[in-house]
Every structure is written in structure tokens, then in C-alpha cells.
Amino acid sequence: MKRSDIPNLDDLRAFEETARLESVRAAADALALTHAAISRRNARLADYVGAPLFKREGRGLRTTAAGDLLREACRRSFDDISRTIAAIQEAQTTPEDVILLSCERSVAMRWLIPRLSQFQDANPSIAVHLSVGGGPIEPAARQNVLALRRLDFAIPDTWSVEPLWSEQVGPVMAPALEAGFHRGDYIALGTRTRPEAWSNWLAAHPEVPRPRETRMLDHHFLMVEAACGGLGVGLSPRVVAIDDVDRGRLVAPHDFDPDGTRYGILRSADVNVGKNARLLCDWLIEMSVEL
């Protein structure tokens, strides 16, 4: 498909909001449009794609199989655009002596933020601005711009990479659900960012009973919180669940297995790392030893 053949951006935005909110009326409120306008845009997009994108479920809407594919593509694209614009704006307005650290959302919420005060307490004169984002980025030509990422994409030669921990995944659940998990009486919780994770893990563990149902959430931090709340068994990266396992909110009866990827710190290779950013990199490397 040529770029000129891509559907109208307004139609894609209306579809993505409707899919996210599972309601035409809610999407209309979010985009400050009428109910009829959202319905027209969704219908026009379905005609363009050549397949129904929604199905009625109770009082709400759910995406079809085709809608699921398009929703994920829209989510990734809109997230990438938002992150890129935010990074450009922040890099233009942030003082040179402030560290800009971009981190994947779930890792930031469940692992980095609970620990970052240790770095700040040890280095009170260093300001760290934290933003959330994932996947490829465009590094700014500044000393103090860093990104903590899962390295599951091609890294250009213009980027410098400092390796951190190896990614490990495994099923986690509230202690009360463990017996049901071993019987096969459980709901599997996955994420739309890694839709094949459960099938891959189960294929590697044929002795584990299959779930009676699989439900997908948008992000790992939501999945882990749902697991803590007893809503099912989440297949989680160790980094996202480790604190809850250590506190006893979750159990991991099969521990965590390496999935072949790892995390790392990305920065522009065109400039020397600044003293403050070097301190933060070294601290992140030290903290990652626990993983």
C-alpha cells in the first residue's frame, strides 16, 4: 500500500477512540464530536478496509478480529507520534544540565519509580526528568538524553547501548489462585503489546494445564495489578512483578524464564555522555543486578 492510500487520519482517530472506550458516545465526548460524526467515520473506515471493525456486545461495542489488528496498529502509531513530539518539545525546553530519562511505561511505574528516590537522595543536585515511552526513539544530540528500553528492535549505529538485565517472563497470580492454576481452572491475563506471549510460554511448558480463557489488557502494569486483585494469572516480565512477588502479593510457581531479549540504556553516540548522565547510567546498571 502506498502512503497516499492510507485511510483518512480523522477516521483512524475516531476508530481508535471508539475501540479504546468501547463506546461511540464516549469517543464522541473525547474528541468533541457528535455521535453521528463518529459513527460516519467508523462506517467509512470499515468500508475502506472491507471488513466489519466492531460488533455489538451488551450495551457496548467490541472490536472484531479485523478491528483488533487495526486497533493495535493505530495505538502503536499514535503512541509513536505522541512520544516523538513530546521528546522534541522537551529536548528544546529543558536546560542542558537536566537529565531526560525516557522509560517504558510498565517498567517505570512498577520498578524504576519506586527506586529512583535512592538516586535522588544520593545525588540531590542532579535533576532527572522522567517520561514514559517504548520502542524506537530519535535520540537528541545532547549529553543528558537517555532511554531505558527493551531491545527488541533494530538499533542504528548512531546509538550507543549499555546493556542492563535479560528479560525474563513467567506466570504470576494471587496466592489464592495457585491451586486453580495447577488444575487448569484459571483465566490467563495477557497484554496487547505481546499478544503471542502466552502461546509461546505454554508451548515451552507443555506440562502446564491450558487456561479456560485468555483476556488481554493494554499494558503490563494493568495486567499485574489485575493479577494482584485475583482477576486471573498474568504472564509477566520479572521486572514488572518482582516487588509484588517479594511482598507476597503474588506467587510465581514456575519462576521466570529468559525470553531471549534484554533491556539497555540508549543514548546518542554522537556526543560524549555527561557527568550527571554517567552517574545515572552507572546507578541503573547497579540496580539492574537484582534482576
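Data block above holds the structure.
The sections below set out a description of the structure shown in this document. (Residues numbered from 1 in each chain as written. Predicted model: local features only at pLDDT ≥ 70, side-chain atom pairs only at ≥ 80, totals over all residues. Heavy atoms only, no water.)

**With respect to the overall build of the chain**
Counted only if it meets this: The numbering of helices and of strands both runs from the N terminus, where a helix is a DSSP run of H or I of at least 4 residues and a strand a run of E of at least 2. Within these notes, the globule rule equals 2.2 Å times the number of residues to the 0.38 power, and the radius of gyration is based on C-alpha atoms. When checking whether two residues touch, look at their non-hydrogen atoms; a contact exists if any pair is within 4.5 Å. The Shrake-Rupley method, run with a 1.4 Å probe, gives the accessible areas here. Residue values count only the displayed protein chains as cover. Working convention for charge: Lys and Arg count positive, Asp and Glu count negative, and His plus the chain ends are omitted. A charge is said to be at NZ when it belongs to Lys, at CZ for Arg, at CG for Asp and at CD for Glu.
Within the chain, the regular secondary structure consists of 10 helices and 10 strands. The C-alpha atoms of the chain give a radius of gyration of 21 Å, which matches the 19 Å a tight globule of 291 residues would have. Across its three principal axes, the chain shows a C-alpha extent of roughly 55 × 50 × 30 Å. A fraction of 76% describes how many contacts in the chain between residues 6 or more apart in sequence connect residues 24 or more apart. Counting only carbon and sulfur atoms, one obtains 52% of the accessible surface of the chain, whose full area is about 15100 Å². Treating the 35 positive side-chain charges of the chain as one cloud and the 40 negative ones as another, the clouds have centres 5 Å apart.

**Notes on the environment of F256**
Quick note on the threshold: For each residue, the accessible area found with a 1.4 Å probe, counting protein chains only, is set against the maximum for its type, and the residue is called buried under 20%, exposed over 50%, and partly exposed in between.
Structurally, F256 is set in the loop between α9 (238-247) and β10 (257-268). Residue F256 is classed as buried on the basis of its relative accessible area of 7%. Between the C-alpha atoms of F256 and D246, which are 10 residues apart in sequence, the distance is 14 Å. Among all residues touching F256, those that are not within four sequence positions of it are Q168, V169, G170, V172, S236, P237, R238 and V245.

**Considerations on helix α7 (residues 197-204)**
Filter applied, for reference: This arc is built from the directions going out from the helix axis to the C-beta atoms.
Along α7, the positions that sit buried rather than exposed are W198, W201 and L202. Burial along α7 is one-sided: seen end-on, the buried residues are contained in an arc of 95°. Structural note: α7 exposes N200, A203 and A204 on the side pointing more than 90 degrees away from its buried face. Here the buried face of α7 lies against β6 (159-172), α6 (178-183), β7 (187-191), β9 (233-237) and β10.

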